[in-house]
Amino acid sequence: MSGYIPGLEGVVAAQTRLSHVDGEAGELFIGGYPLMELAPNATFEEVAYLLWHDRLPTAAELAALRARFGSHQELPGAVVDLMTAAAARNTPVIDVVRMGAATLSLQDAEPLDESLERQMWRSEALCAAFPVLVAAYCRIRAGEPLVTPDAALGHAANYLHMLTGQDVDPDFARALETYFVTVLDHGMNASTFTARVIMSTNSDIYSAVTGAVGALKGPAHGGAPGPALDMVFEIGSPENAEANIRGRLERGERLMGFGHRVYKVRDPRADALALASERLYARAGDRSLYELARSVETTALRLLAEYKPGRRLQTNVEFYTALVLHGVGLPTELFTPTFAVGRVGGWTAHCIEQLRNNRLIRPASEYVGRVDRAWVPVEDRTD
Ligand SMILES: CC(C)(COP(=O)(O)OP(=O)(O)OC[C@H]1O[C@@H](n2cnc3c(N)ncnc32)[C@H](O)[C@@H]1OP(=O)(O)O)[C@@H](O)C(=O)NCCC(=O)NCCS
């Protein structure tokens, strides 16, 4: 009897204390805290520290972590050259993040040191560098001077500052922190699994994180929020939602921002980010995009139930991600790279967890090919 499980659905591939996804209850715990405790309150650095050390940092530890982040935020000249070459070809930002992640080993003076302390150093270096990679490339491509990082601002504000060169509105920084915290870790998602597989071969954390960026890029994983926002803009007003969404489903298209491999009820991250986006748009004094998105969501859920009965397709994290990231001023091309800026915290923590109790991840396959072939020399082959 075949043990093949397409997509490894439901297969338990690791034990983790980092995050717990309950797809039937619609719950997410990160480092033991319900998402709703962390999302409005915590910062990226606090939750990354929580995952690495299994407790929240004290104020002194947080300040020290920010200072260490600052020490990792200078880009080597070789990386700037790479970005300049990529900009000349208008390479997508997420591809530059993937290439940039691989270059970060250039700054590692002790590449053969496999101690836990060095893995922590690398984890911090990767987390600190990701926002710099995105912001520096955007500015190089736009022909603008690089903005000096200031890690003391906090991860989200520093990221927005490096992108825009402007002072950052604290409400924007808070909304982006909420986003980072919400997506920092999420069980055995495809990119995290990729990172753990690479780490399990006793490869290195730069390779693991580089592979994870590649896995994140696809629309089935981290590439959905841009198209989700495009759909909302295309619909334009609530009365167009029904015809537009029905048309998409009639054509067999998937609605971006809906459906999930694990969540069969509403993704709790959608709630955390819906709340953050409601605050953001209310504060800006124009709730129209938020109201439109709410109405598109309601229509989409009704039509998904009609066209895909029994599949239990609900709103996922990406739908309100689009609203939050648009609200803080990011263009759609930065949605997936910004997801990587948040998720790299989880990837590094999983890499360290994998190493603590490592066993090579090497599943089996079911052979469905032939076994009756005999070698034919090339000159005797007819087709
Ligand atoms: C996330 C996702 C890849 C999970 O997929 P999965 O667990 O492999 O689910 P399946 O591909 O088995 O889909 C089951 C059924 O629901 C349908 N379905 C799943 N998501 C759908 C969506 N967003 N819109 C329309 N139909 C969808 C599939 O077409 C399939 O229908 P069928 O049974 O008639 O063939 C999928 O829901 C999807 O593509 N969503 C849109 C992209 C997205 O938002 N990605 C971000 C995820 S956080």
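The structure displayed is predicted, hence computed values, not measured ones.

Q: Can you break down the packing of helix α4 (residues 77-88) against helix α5 (residues 93-103) residue by residue, with the values?
A: The N-to-C vectors of α4 and α5 enclose an angle of 160 degrees; their axes lie 11 Å apart at closest approach. By the angle between their axes, α4 is roughly antiparallel relative to α5. The crossing of α4 and α5 is right-handed. Contact residues: V79, L82, M83 and A86 in α4; V96, M99 and T103 in α5. Looking at the contact of α4 with α5 residue by residue, the class counts come to 6 nonpolar, 1 polar and no charged.

Q: Please set out the nonpolar core residue by residue, giving values where relevant.
A: One finds M83, F130, Y179, I245, F319, L330 and W347 to be the most contacted residues of the largest nonpolar core, which totals 109 residues. Residue contributions to this core peak at 14 residues, all from helix α6 (residues 116-141).

Q: Tell me about the site of the ligand, and name the residues and values.
A: Neighbouring the ligand are 19 residues, the closest being R254, L255, F258, R261 and R311. The separation between a nitrogen atom of the ligand and a polar main-chain atom of L255 is 2.7 Å. Within the complex, 74% of the 870 Å² of free accessible area of the ligand lies under protein. The class makeup of the residues in the shell around the ligand is 8 nonpolar, 5 polar and 6 charged.

Q: How would you summarise a nonpolar patch on the surface if you had to cite specific residues and measurements?
A: Taken together, the side chains of I5, L8 and V11 present a nonpolar region at the surface, about 220 Å² in accessible area. Mapped onto the elements of the fold, V11 is located in the segment before β1 (19-22).

Q: Break down the packing of helix α8 (residues 170-183) against helix α16 (residues 335-356) for me, with residues and values.
A: Running from N to C, α8 and α16 point in directions that differ by 65 degrees, and their axes come no closer than 8 Å. Of the possible angle classes, the one that applies to α8 and α16 is roughly perpendicular. For the element pair α8 and α16, the recorded crossing hand is right-handed. Contact residues: α8 offers L176, Y179, F180 and V183, while α16 offers F335, T338, F339, V341, G342 and R343. Of the residues in the contact of α8 with α16, the class split is 7 nonpolar, 2 polar and 1 charged.

Q: Which residues make up the packing of aromatic side chains, and what are the values?
A: A complete count under the given rule lists 6 aromatic pairs for this structure. For the pair F44 and F69, a centre-to-centre distance of 6.5 Å together with 50 degrees between the ring planes defines the contact as tilted. Note that F44 is positioned in helix α2 (residues 44-53) and F69 in helix α3 (residues 59-71), a separation of 25 residues in sequence. Ring centres of F319 and Y320 lie 5.2 Å apart, and the angle between their planes is 85 degrees; on these two criteria the pair is classed as edge-to-face. One exposure class covers both F319 and Y320, and it is buried.

Q: Can you lay out the pattern of salt bridges for me, pointing to particular residues and giving the numbers?
A: Should their charged atoms come close, side chains of opposite charge can pair. Going through the model one piece at a time under the given rule, you end up with 28 salt bridges. E9 is paired through a salt bridge with R261; the nearest N and O atoms lie 3.8 Å apart. Here E9 is found in the segment before β1, whereas its partner R261 is found in the loop between α12 (238-250) and α13 (268-284), with 252 residues between them in sequence. In this structure, the salt-bridge partner of R139 is E144, at a minimum N-O distance of 3.6 Å. With a relative accessible area of 9%, R139 lands in the buried category. Beyond isolated ion pairs, a larger network of salt bridges with shared partners links E234, R248, R251 and E253.

Rules of the game
- Residues numbered from 1 in each chain as written.
- Predicted model: local features only at pLDDT ≥ 70, side-chain atom pairs only at ≥ 80, totals over all residues.
- Heavy atoms only, no water.
- Axes fitted to C-alpha atoms, helices over the stretch in contact; angles between N-to-C directions.
- Helix = DSSP H or I, 4+ residues; strand = E, 2+ residues; numbered from the N terminus.
- Parallel < 35°, antiparallel > 145°, perpendicular 65-115°, else oblique.
- Left-handed = near helix turned anticlockwise from the far one by under 90°.
- Contact = heavy atoms within 4.5 Å.
- Nonpolar A, V, L, I, M, F, W, Y, C, P; charged D, E, K, R; others polar.
- Core = buried A, V, L, I, M, F, W, Y, C linked by side-chain atoms within 4.5 Å.
- Buried < 20%, exposed > 50% of the residue type's maximum accessible area, 1.4 Å probe, protein only.
- Near = heavy atom within 4 Å.
- Polar contact = N/O pair within 3.5 Å; in protein donor to acceptor, adjacent residues only side chain to side chain.
- Areas by Shrake-Rupley, 256 points an atom, 1.4 Å probe, with all protein chains shown as cover.
- Patch = residues over 30% accessible without salt bridge, like charges linked within 9 Å, V, L, I, M, F, W, Y side chains within 5 Å.
- Salt bridge = Lys/Arg side-chain N within 4 Å of Asp/Glu carboxyl O.
- Phe/Tyr/Trp six-rings, centres within 6.5 Å; stacked < 30°, edge-to-face > 60°.

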